[in-house]
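Chain by chain, the residues:
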Amino acid sequence: MKVTLFATCIVDMFQSDVGIATVEVLERLGCEIVFPTGQVCCGQPAYNSGYVEDAKKAMKKMIATFEDAEVIVTPSGSCATMFKEYQHVFKDDPVWRPRAERLAEKTYELTEFIVDVLKVEDVGAKLDGIATYHPSCHMTRLLGVKDAPMKLLSHVEGLEMQPLPNAQNCCGFGGTFAVKMGNISEQMVDEKVDSVSETKASYLIGADGGCLMNIGGRMQRRDKPVKVMHIAEVLNSR
Amino acid sequence: MAMKIGNEKFKDNVNKQMEDTFMRGAVAGAQERLRTRRLDAAEELGNWEEWRSHGEEIRQHTLDNLDYYLQELSENLQKRGGHVFFAATAEEANDYVKGIVKEKRAKKILKAKSMVTEEIGLNDVLQQEGCDVIETDLGEYILQLDEHDPPSHIVTPALHKNKEQIKDVFTEKLEYKLTSKPEELALHAREKLREEFLQADIGITGCNFAIAESGSVGLVTNEGNAGMVSDLPDTQICVMGMERIVPTFEEFEVLVGLLTRSAVGQKLTSYITALTGPRTAEEVDGPSEFHLVIVDNGRSGILGTEFQSVLQCIRCAACINVCPVYRHIGGHSYNSIYPGPIGAVLTPLLGGYDDFKELPYASTLCGACTDACPVKIPLHTLLHQHRQVIVEREGRAPISEKLAMKAFGLGASSNQLYAAGSKMANSVMKPFTKDETISKGPGPLKAWTEIRDFPAPNKERFRDWFKQHDKERDDA
Ligand code: SF4
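Anyway, here's the lowdown on the structure attached to this text. (Residues numbered from 1 in each chain as written. Chains lettered and ligands numbered in written order. Predicted model: local features only at pLDDT ≥ 70, side-chain atom pairs only at ≥ 80, totals over all residues. Heavy atoms only, no water.)

**Description of the overall build of chain B**
Note the following rule: Under the DSSP-based scheme used, a helix requires at least four consecutive residues in state H or I and a strand at least two consecutive residues in state E, with every element numbered from the N terminus. Each residue's exposure class comes from its accessible area (1.4 Å probe, protein chains only) as a fraction of the maximum for that residue type: buried when under 20%, exposed when over 50%, partly exposed otherwise. Here a residue-residue contact requires only that any non-hydrogen atoms of the pair lie within 4.5 Å. Areas reported as accessible are Shrake-Rupley estimates using a 1.4 Å probe. Residue values count occlusion only from the protein chains shown. None of His or the chain ends enter the tally, which takes Lys and Arg as positive and Asp and Glu as negative. Taken as the charge location is NZ of Lys, CZ of Arg, CG of Asp or CD of Glu.
Assigned secondary structure in chain B consists of 22 helices and 13 strands. Principal-axis analysis of the C-alpha atoms gives chain B an extent of 95 × 55 × 45 Å. Going through the 476 residues of chain B one by one, you find that 57% of them count as buried. A sequence separation of at least 24 residues applies to 73% of the contacts in chain B between residues at least 6 apart. Accessible surface for chain B amounts to roughly 20,700 Å². Of this, 51% is attributable to carbon and sulfur atoms. Each charge class in chain B can be summarised by its mean position, and for the 56 positive and 72 negative side chains these summaries are 7 Å apart.

**With respect to the overall build of chain A**
Put simply, the test is: Just to be clear, the radius of gyration here is over C-alpha atoms, and the globule rule we use is 2.2 Å times residues to the power 0.38.
Counting its regular elements, chain A contains 13 helices and 8 strands. Taking 18 Å as the expected radius of gyration for a compact globule of 238 residues, we find that chain A reaches 17 Å, a close match to that expectation. Within chain A, the proportion of its 238 residues that are buried is 64%. Relative to all contacts within chain A whose residues are 6 or more apart in sequence, the contacts with residues 24 or more apart total 78%.

**A closer look at the sheet that holds strand E4 (residues 202-205) of chain B**
Residues and elements named next belong to chain B. Condition: Strands qualify as paired when DSSP identifies two bridges or more between them. Only C-alpha atoms enter the line fits that serve as axes; for helices the fit covers just the stretch in contact. Angles between N-to-C directions range over 0 to 180 degrees.
As summarised here, the arrangement of the 6 strands in space is E1-E10-E7-E4-E2-E3, forming an open sheet in which the pairing is parallel. The open sheet terminates on both sides in strands that have one partner only, identified here as strand E1 (83-87) and strand E3 (132-135). Between one strand and the next, the sheet's axes are offset by a mean angle of 20 degrees, whatever the strand orientation. Both strand E2 (residues 108-111) and E4 contribute to a ladder of 3 bridges, which runs parallel. Following the sheet pairing, Lys111 is matched in E4 by Ile204. Most of the contacts of helix H4 (residues 66-79) go to E1, to which it runs at about 150 degrees, and overall it touches E1, strand E7 (235-241) and strand E10 (289-295). Where helix H10 (residues 182-199) meets the sheet, its contacts fall on E2 and E3, and the angle it forms with E2 comes to roughly 120 degrees.

**Section: the packing of aromatic side chains**
All names here are of chain B. The test is simple: For Phe, Tyr and Trp, rings pair up if their centres lie within 6.5 Å, where Trp contributes its six-membered ring, and each pair is then called stacked (planes under 30 degrees apart), edge-to-face (over 60) or tilted (otherwise). Criterion for a charge above a ring: Arg CZ or Lys NZ at most 6 Å from the ring centre, at most 35 degrees from the ring normal.
Counted according to the given criterion, the structure contains 21 aromatic pairs over all chains. Centroid distance Tyr68 to Tyr69: 5.2 Å. Interplanar angle 85 degrees. Geometry classified as edge-to-face. By relative accessible area, which is 56% here, Tyr68 ends up exposed. On the basis of relative accessible area, Tyr69 is assigned to the buried category, the value being 10%. Between Phe170 and Tyr176 the ring centres are 5.9 Å apart and the planes differ by 85 degrees, which places this aromatic pair in the edge-to-face class. One cation-aromatic arrangement involves Arg452 over Trp448; the distance from NZ or CZ to the ring centre is 4.3 Å.

**Points about the interface of chain B and chain A**
Which entries qualify depends on this criterion: Here the quantity called buried area is the accessible surface, traced with a 1.4 Å probe, that two parts lose on coming together, added over both. Salt bridge, as applied in this entry: a Lys or Arg side-chain nitrogen positioned within 4 Å of an Asp or Glu carboxyl oxygen.
Every contact between the two is made by 69 residues of chain B and, on the other side, 67 residues of chain A. Here chain B meets chain A over a buried area of about 5,800 Å², counting both sides, of which 58% is carbon and sulfur. Three residues stand out in chain B for area buried against chain A, namely Ile451, Arg452 and Phe462 of chain B, and they jointly supply 12% of the buried area on that side. Where chain B touches chain A, the interface holds 6 salt bridges. As a salt-bridge pair, Arg221 of chain A and Asp453 of chain B come within 2.8 Å of each other at their nearest N and O atoms.

**Things to note about the site of the ligand**
Convention followed: Note on terminology: near, applied to a residue and a molecule or strand, indicates that one of the residue's heavy atoms is within 4 Å of it. As a working rule, the residues Ala, Val, Leu, Ile, Met, Phe, Trp, Tyr, Cys and Pro are called nonpolar, Asp, Glu, Lys and Arg charged, and the rest polar, with Gly in that last group.
What surrounds the ligand is a group of 13 residues, the closest being Cys313, Cys316, Ala317, Cys319 and Cys373 of chain B. Looking at the shell around the ligand residue by residue, the classes come out as 12 nonpolar, no polar and 1 charged.

**Looking at the nonpolar core**
Basically, it comes down to this: For the purposes of this section, nonpolar cores are sets of buried Ala, Val, Leu, Ile, Met, Phe, Trp, Tyr and Cys residues that join through side-chain atoms within 4.5 Å.
Counting 129 residues, the largest nonpolar core has Phe83, Tyr86 and Ile184 of chain A together with Val325 and Ile342 of chain B as the members making the most contacts within it. In terms of residue count, helix H12 (residues 249-264) of chain B provides more of this core than any other element does, 8 residues in total. The next biggest cluster of nonpolar side chains, apart from the first, holds 46 residues, and it includes Leu26 and Ala148 of chain A together with Phe462 and Phe466 of chain B.

**Topic: the packing of helix H2 (residues 16-28) of chain A against helix H22 (residues 462-475) of chain B**
Worth spelling out the cut-off: Here the angle decides the label: under 35 degrees means roughly parallel, over 145 means roughly antiparallel, 65 to 115 means roughly perpendicular, and every other value means oblique. Rotating anticlockwise by less than a right angle from the far helix to the near helix defines a left-handed crossing, while the corresponding clockwise rotation defines a right-handed one.
Two elements in contact, H2 of chain A and H22 of chain B, have axes whose closest approach is 9 Å; the angle formed by their N-to-C orientations is 30 degrees. Considered as vectors, H2 of chain A and H22 of chain B are oriented roughly parallel to each other. Considering only the axes of H2 of chain A and H22 of chain B, their crossing is right-handed. On H22 of chain B, the residues touching Ser16, Gly19, Ile20, Val23, Glu24 and Glu27 of chain A of H2 of chain A are Phe462, Trp465, Phe466, His469 and Arg473 of chain B. Counted by class, the contact of H2 of chain A with H22 of chain B contains 5 nonpolar, 3 polar and 3 charged residues.

Shown next as structure tokens:
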């Protein structure tokens, strides 16, 4: 299957490894990956801060870049959610709304794509150790992808999953919230870090680069010996 | 007290509240308890999503036809001998109640829990008239005794207080001599309140839902105090927000089921009371005079706008009980009697952006509130909507942020700009980078790196890797 990759700006600029793992996992599953170089950011930072008009520029650019794709796959629940949000942003725009609707229909978050479209739950990955999984808010609640990551992780050889206490609580990232309301964000991320420590896991796994950057950055600052891994990297381990 | 409960800045409030380790422990504990109970109650009912949709429909239908149902309600209540007053503002509502108090020469007034009377600041007004106003809901009673400490939650107003603090308040104000056991405290309060019930001239209640078809006012309480407040005094006043209405008892039942399950995880609360006008000739109890005050106070200004759905709210606090921000900052930080996600949406609408424009930003837009709301108010979308109004319609955003977002719009829509920016990022950040980590960032990164590390930008962007990868693949 021909898969058009929406890497996300975070992966492009900060987490190449996650992008590489995504490509390698999908290729191993028989997909042919296309990467349109016109892709930029999905517009979420501006959009969530209330700058809808400024964000629309990025959105239009993304729609134009991806509209010829057969399927679009992205290793981020939050950015996939954003692609699906475009149709609401352009709801009163007769030209862009239909284009945004078509974009939404063919967009998948990585784990959702592997489980629901490729119908694969065991990707043949192998990783020894204890891990816990943080279900990111946009992916679980707004996109509704809850089970796919757990299904995939349950088949990773050697990996023991421990439940994360209060997993449903946000990690305190929230895009610009992390800097605008830094003091509140700190309390939230600290609680998350403490919950991770409680599990005694040596890996914290997630499916969203932003959240992992937040929790990982705080763990690093607090000298926690936990390795942060994007689920694509876990699935690419062997 | 009115809706606004303090004059401090949001940031200062938050910093102060976050120091309160007891409050934070209490809130976290309550959240975990209530979350489980709510989920269990929903599961036990079955088809929770269908019930939510049904609840949403009922509320939407009522709001879309609010004029009609308010008319029906007041006609039916008047037929039964009740008086109805429409108050456009808080002041009008307070003046009307004051008028009754004067006419009756009332001295002692009993109240059952009511958010809307707090919103309009009724207690202050009546106290200025020389009345003794007594809150009969245990939580509200404690707060009132404690020099009118503001509520921090819409269902359990004294959530921020522990039993030791409550004991101290009772010892000081009620000559209490026993321990801090919750049962002993509650019993003592009941005894004190019972004395008050018998001497009251006027009873004031709120209203969970008025029922248009019968002209009744429905009240849901845990303690049964609303029944006493509404039965014993000879004059009864009910104050309701103008949106708190349902067409018939059938819808009342659905919403009460959603309310009690969402609020405390119970099938039904202990007491549901329906008041329908003054007592009739055949009845032995009930008031001889009944007044319904329907309060607008900014609500009709919300109808028909993009924020209309906030009026669907049934004040169950489920959104507050799951909010990860409320969890850490508590109710008082919001400076409003309406805290948490519902408060962050409603308060700026009723109280204006001048005082409350920070509230819509006190959210990560994680959507937990939207998920929990039994009448499907898209709370996180409304918070986002506020941000858009603040930035784009009101132009209240800081100039530096505006410029940054303009630059974002440009950068994100142009290949050349994005490519240049992302390529340069690694070398630009070099001076701040050590071991692939930025621990003291410049500009907007400063706030981030105050508490956590930031990764250094990739030396090789993902797109550069892919280009190479693509080439190798083609060559192979
Ligand atoms: S907004 Fe929804 S969840 Fe929050 S108090 Fe109102 S009805 Fe309950």
